[in-house]
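Each chain, written out:
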Amino acid sequence: MALLTKKEMKHIPIVDNEEEAQFGRVVIDLDNCNGCKMCTIICPTNVLELYGPKHDKKVRLKEGLAMCLSCDNCHAICEYDAIDIKQTYNFAGRYRQINRGAPVHPRRSY
Ligand code: SF4
Ligand code: SF4
C-alpha cells in the first residue's frame, strides 16, 4: 500500500459505490457445505450466516452491504472446501493498491 497525496486523503470512499469501495466476495459450494458454522464464527466482519431448514443448513453472504475483507479465513477453516474467495477487496478511493497477485490462502490448522 502506497502513501496518498493530501488531495487523495480528503476523499472518503463511498462504500456502496463499487468503483470506490469494492469488497471481497466469496463463492460457496452448497454441495460441499454442511452448515457446520465454523466460517461464520471466524469471519472478522461477520458477513456470513447460516440459512435453511434445521437439518440442512448452508452458509451464505448476508444480504445488503457485505463487507468481506477477503482475508480467506473462511476458506482456511472449512474442512470441506466449500468456500473460497472470488474477488479481493479494493478501496480504490482511499488506498493505492499495489498488485498483490493471486490470493494466498492462510495456513490451515489441520
Ligand atoms: S465452514 Fe465450510 S462446511 Fe462449515 S458452514 Fe462454512 S462453508 Fe459450510
Ligand atoms: S474472506 Fe474473510 S471477511 Fe470474507 S467472508 Fe471469508 S472470513 Fe469473512
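Refer to the structure above for everything that follows.
Only a predicted model underlies this, so the values are computations on that prediction, with no experimental measurement involved.

Colleague: Would you mind going over the overall build of the protein chain with me for this structure?
Modeller: Regarding its fold elements, the protein chain presents 3 helices and 4 strands. When the 110 residues of the protein chain are sorted by exposure, 25% land in the buried category. For the protein chain, the share of sequence-separated contacts (at least 6 apart) that also reach a separation of at least 24 residues comes to 62%. Here the protein chain has roughly 7,700 Å² of accessible surface; of this, 53% comes from carbon and sulfur atoms.

Colleague: Where do I start with the site of ligand 2 in this structure?
Modeller: Around ligand 2 sit 13 residues, and of these Cys 43, Cys 68, Cys 71, Asp 72 and Cys 74 come closest. Class assignment of the residues belonging to the shell around ligand 2 gives a composition of 9 nonpolar, 3 polar and 1 charged.

Colleague: Would you mind going over the pairing of strand β3 (residues 58-61) with me for this structure?
Modeller: Along any regular strand, the residues point their side chains to alternate faces of the sheet. Of the pairings in the sheet, the one linking strand β2 (residues 48-51) to β3 comprises 4 bridges and is antiparallel in character. Opposite Glu 49, over in β3, you have Arg 60 as the bridge partner.

Colleague: What's the story with the site of ligand 1 in this structure? I'm lost.
Modeller: Taken together, the residues surrounding ligand 1 are Cys 33, Asn 34, Gly 35, Cys 36, Lys 37, Cys 39, Val 59, Cys 78, Tyr 80, Ala 82 and Ile 83. When its residues are assigned to classes, the shell around ligand 1 shows 8 nonpolar, 2 polar and 1 charged.

Colleague: Sorry, what's going on with the environment of Ile 41 here?
Modeller: Inspection of the secondary structure puts Ile 41 in helix α2 (residues 38-42). With relative accessibility at 61%, the residue Ile 41 sits in the exposed group. Separated by 33 residues in the primary sequence, Ile 41 and Cys 74 have C-alpha atoms spaced 8.9 Å apart.

Colleague: Just to check I follow, could you spell out the side chain of Lys 58 for this structure?
Modeller: Residue position: Lys 58 is located in strand β3. Owing to a relative accessible area of 16%, Lys 58 belongs among the buried residues under this scheme. Polar side-chain contacts of Lys 58 include one of 2.8 Å to the backbone oxygen of Leu 30. Apart from the residues within four sequence positions on either side, Lys 58 is in contact with Leu 30, Cys 33, Gly 35, Glu 49, Leu 50 and Tyr 51.

Each value, and the rule that gives it
- Residues numbered from 1 in each chain as written.
- Chains lettered and ligands numbered in written order.
- Predicted model: local features only at pLDDT ≥ 70, side-chain atom pairs only at ≥ 80, totals over all residues.
- Heavy atoms only, no water.
- Helix = DSSP H or I, 4+ residues; strand = E, 2+ residues; numbered from the N terminus.
- Buried < 20%, exposed > 50% of the residue type's maximum accessible area, 1.4 Å probe, protein only.
- Contact = heavy atoms within 4.5 Å.
- Areas by Shrake-Rupley, 256 points an atom, 1.4 Å probe, with all protein chains shown as cover.
- Near = heavy atom within 4 Å.
- Nonpolar A, V, L, I, M, F, W, Y, C, P; charged D, E, K, R; others polar.
- Pairing = 2+ DSSP bridges.
- Polar contact = N/O pair within 3.5 Å; in protein donor to acceptor, adjacent residues only side chain to side chain.

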